[in-house]
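Structural overview for review
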Amino acid sequence: MTRLLRITLLSLLLISLVLASLIYSLTWRPEAKETLAVSCSAKAAPLVPGQALKVMTWNLQYLAGKRYVFWNDQAHGEDERPTQEDMAFSLDEVARIIRDEQPDLVLLQEVDDNAKASAYQDQLKLLQERLADLYPCSTQAYDWKADFVPSPHIFGSVGRKLATLSRYQIEHAERLQLPLPASNFISRQFQPRDAMLLSYLPLSDGGQMAVLNTHLERAEHPGDTQPRQVAAIAKVLDKLEGRGTPWLIGGDFNLLPLGQYRRLDENQRAPYSADSPLHLLWDKYPMIPSNPQASGIDRAHWLTHYPNDPTLDGPDRTVDYLFHSPRLKRVESRVRQDDTLRISDHLPVLARFLLPAQ
């Protein structure tokens, strides 16, 4: 019996080692800070102090479109992946909107690369082929990556990125890891790893501007992860502001502005808390849309999220934002709603700034 027990324990140990080795080989563990490649297909000019700069941030929902209620949406639908026809339509529409707006900087979230759910497309490459004349420079960073996820809804590879396109030169880029939710060791290997994509754009006077792109945790219920992520972002922004470096950050924060929580239907409030962790940012820095815009009389114009939910017939909340250094002067801003409702479950946020003159 002792010998049988010994053999059983050794067998279990061997199986555990093989399983751990397999998980290690299939998953991705980025460093807290990583230098990223910057791609520039042509000679791009530096920014000039005092110039105008137009910025767009947009969560593309991996080009899935709006004909689905997915298994991981708040409404917990049955759909697992879009058709290639729907993704082709969304790709053309995204390119159309960007060409029409022609922002100087485009901050994109949920751009797939080699993911089973999106037919293994390199979606950034497909988009760049349609916009090559506008954006010579780009950089990108994964925030979810694994060769195989055993979930029955995925059962294959995932690859999801943040991507920044620029009309102007990008000098250097980094991936900065955000705090992760607590989970067991095995589950953690397959989960998204939210991050910031930080790009440094040179100024003609020798200075730099920092541009950050992010996507925060999409929680099912309020927890401590999003507040920790916002605190980590605030720490980076405080450091840039303290150095005198002009900066802006855009993305899908998955958090509400002041006053919107109570305006949501009760069955839509589950992911949020009445006290938004975003106050850690809006208490110090300008936010687009601002709280008065997002919760005031014209709040309908500033809604940025149209959840995949059959009970909803349009956007009902704001979760996508631009924050910026007080050194940048906001000239105008808006959410493009009218012709974007069928492209993604998020709407593009646009703003025009004036850079500091010195």
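Along each chain, residues carry numbers from 1 onward, in the same order as the chain's sequence is written. With pLDDT at 70 or above as the cut-off, local features in this predicted model cover only qualifying residues; side-chain atom pairs require 80 or more to be listed or tallied, and sums for whole chains, interfaces and linings still use all residues. Calculation of side-chain values draws on the structure's entire complement of heavy atoms; hydrogens and water are dropped beforehand.

With respect to the overall build of the protein chain
- Starting at the N terminus, helices and strands are each numbered in turn, a helix being any DSSP run of H or I of at least four residues and a strand any DSSP run of E of at least two. Within the protein chain, the regular secondary structure consists of seven helices and 14 strands.
- This radius of gyration counts C-alpha atoms alone. The globule rule is 2.2 Å times how many residues there are, raised to the power 0.38. Against the compact-globule benchmark of 21 Å for 358 residues, the protein chain has a radius of gyration of 21 Å, which places it among compact chains.
- Projecting the C-alpha coordinates of the protein chain onto the three principal axes gives extents of approximately 80 × 45 × 40 Å.
- Contacts are assigned to residue pairs with any non-hydrogen atoms lying within 4.5 Å of each other. The long-range share in the protein chain, meaning contacts at least 24 apart out of those at least 6 apart in sequence, stands at 75%.
- Split by element, the accessible area of the protein chain, about 16300 Å² in all, is 54% carbon and sulfur.
- His is not counted here, nor are the chain ends, while Lys and Arg score as positive and Asp and Glu score as negative. A charge is said to be at NZ when it belongs to Lys, at CZ for Arg, at CG for Asp and at CD for Glu. With 39 positive and 44 negative side-chain charges, the protein chain shows a spacing of 5 Å between the two charge centroids. Each accessible area value is a Shrake-Rupley result obtained with a 1.4 Å probe; residue values ignore everything except the protein chains displayed when judging cover.

Things to note about the pairing of strand E9 (residues 208-215)
- Among the eight residues in E9, seven count as buried, and that is most of the element.
- Pairing of strand E8 (residues 195-202) with E9 involves seven bridges; the strand directions are antiparallel. Its bridge partner being in E9, Met196 is matched across the sheet by Thr214.
- Here E8 hands over to E9 after five residues, with Gly206 in that stretch at a positive phi of 100 degrees.
- Of the pairings in the sheet, the one linking E9 to strand E10 (residues 247-252) comprises six bridges and is parallel in character. Paired with Thr214 across the strands is Gly251, a residue of E10.
- Orienting the strands away from the viewer, one traces the path from the first strand over the helix to the second; a clockwise path indicates a right-handed crossover. Handedness of the E9-helix H5 (residues 225-243)-E10 crossover: right-handed. Relative accessibility under 20% of the residue-type maximum defines a buried residue, over 50% an exposed one, and the middle range a partly exposed one, all with a 1.4 Å probe and only protein chains included. At least two bridges found by DSSP between two strands is the condition for calling them paired.

A word on the side chain of Ser90
- Within the secondary structure layout, Ser90 lies in helix H2 (residues 84-101).
- The class of Ser90 is buried, set by a relative accessible area of 0%.
- Discounting residues that sit within four places of it in the chain, Ser90 has contacts with Leu63, Ala64, Gly65 and Ile343.

Observations concerning the UniProt feature "domain: Endonuclease/exonuclease/phosphatase" (unreviewed entry) in the protein chain
- UniProt positions are given in the numbering used here, feature names are shortened, and annotations may be inferred rather than shown by experiment. The UniProt feature table records "domain: Endonuclease/exonuclease/phosphatase" (unreviewed entry) at residues 56-346.
- End C-alpha atoms of residues 56-346 are separated by 12 Å, and the span's content is 21% helix alongside 27% strand.

A short note on the state of the cysteines
- We call a pair of cysteine sulfur atoms a disulfide when they lie within 2.5 Å. According to the stated counting rule, one finds one disulfide in the structure shown.
- For Cys40, the disulfide goes to Cys137, at an S-S distance of 2.0 Å. Judged by the torsion about the S-S bond (110 degrees), the Cys40/Cys137 disulfide is right-handed. Residue Cys40 is located in strand E2 (residues 39-40), and its partner Cys137 is located in strand E5 (residues 137-149); the two are separated by 97 residues in the primary sequence.
- Under the relative-accessibility criterion, Cys137 is labelled buried at 0%.

Structural notes on unusual backbone geometry
- Residues Ile288 and Pro289 are joined by a peptide bond in cis, for which omega reads -5 degrees.
- For Pro289, the position within the fold is in the loop between strand E11 (287-288) and helix H7 (291-295).
- Positive phi, close to 40 degrees, is recorded for Tyr62, a residue that is not glycine.

A short note on the packing of aromatic side chains
- Ring pairs are drawn from Phe, Tyr and Trp, using the six-membered ring of Trp, whenever the two centres fall within 6.5 Å, and their geometry is named by plane angle: stacked under 30 degrees, edge-to-face over 60, tilted for the rest. All chains considered together, the criterion is met by eight aromatic pairs.
- Measuring from ring centre to ring centre gives 6.1 Å for Trp28 and Tyr142, while their planes differ by 65 degrees; the resulting arrangement is edge-to-face. Of this pair, Trp28 sits in the loop between helix H1 (2-26) and strand E1 (33-35) while Tyr142 is found in strand E5, placing the two residues 114 residues apart along the sequence.
- Taking relative accessible area as the criterion, Trp28 reaches 15% and is therefore assigned buried.
- Site record: aromatic cluster; members linked through ring pairs are Tyr62, Tyr68 and Phe70.
- Only lysine NZ and arginine CZ atoms are considered, and such an atom sits over a ring when it is within 6 Å of the ring centre and within 35 degrees of the ring normal. Just above the ring of Tyr261 sits the side chain of Arg269; from NZ or CZ to the centre is 5.1 Å.

Section: helix H3 (residues 123-131)
- All of the buried residues in H3 are Gln123, Leu124, Leu127 and Leu131. Down the axis of H3, the smallest arc covering the buried residues is 95 degrees, so these residues share one side. Directions are taken from the helix axis to each C-beta atom, and the arc is the one they span.

Describing the sheet that holds strand E14 (residues 349-354)
- In space, the seven strands of this open sheet follow the order E2-E5-E6-E4-E3-E14-E13, with mixed pairing throughout. If you trace the sheet from one side to the other, it starts and ends with E2 and strand E13 (329-335), each paired once.
- As judged from the five bridges shared by strand E3 (residues 52-59) and strand E4 (residues 105-112), these two strands associate in the parallel manner. Bridge pairing in E4 places Val55 opposite Leu105.
- Angles shown run from 0 to 180 degrees and are taken between the N-to-C directions of axes, each axis being a line fitted to C-alpha atoms and, for helices, limited to the stretch in contact. The sheet strands contacting H3 are E4, E5 and strand E6 (156-166), and the helix crosses E4 at an angle near 145 degrees.

A word on the packing of H2 against H3
- Packing of H2 against H3 brings their axes to within 10 Å, and their N-to-C directions diverge by 45 degrees. Taken together, the axes of H2 and H3 lie oblique to each other. Crossing hand, H2 versus H3: right-handed. Every residue of H3 that contacts H2 at Met87, Leu91, Asp92, Val94, Ala95, Ile98 and Arg99 is listed here: Gln123, Leu126, Leu127, Arg130 and Leu131.
- In the scheme used here, Gly and all other residues not listed as nonpolar or charged are polar, with Ala, Val, Leu, Ile, Met, Phe, Trp, Tyr, Cys and Pro taken as nonpolar and Asp, Glu, Lys and Arg as charged. Across the contact of H2 with H3, the residue classes break down as eight nonpolar, one polar and three charged. Roughly parallel means an angle under 35 degrees; roughly antiparallel means over 145; roughly perpendicular covers 65 to 115; every other angle is labelled oblique. Each crossing gets its handedness from the near helix: less than a right angle anticlockwise from the far helix is left-handed, clockwise is right-handed.

Considering the sheet that holds E11
- Pairing is mixed in the open sheet, where seven strands are placed in the order E1-E7-E8-E9-E10-E12-E11. Because the sheet does not close on itself, it has two edges, and the strands there are E1 and E11.
- Judged from the six bridges that link them, strand E7 (residues 172-177) and E8 form a sheet pairing that is antiparallel. Each bridged residue has a counterpart across the sheet, and for Arg175 the counterpart in E8 is Leu197.

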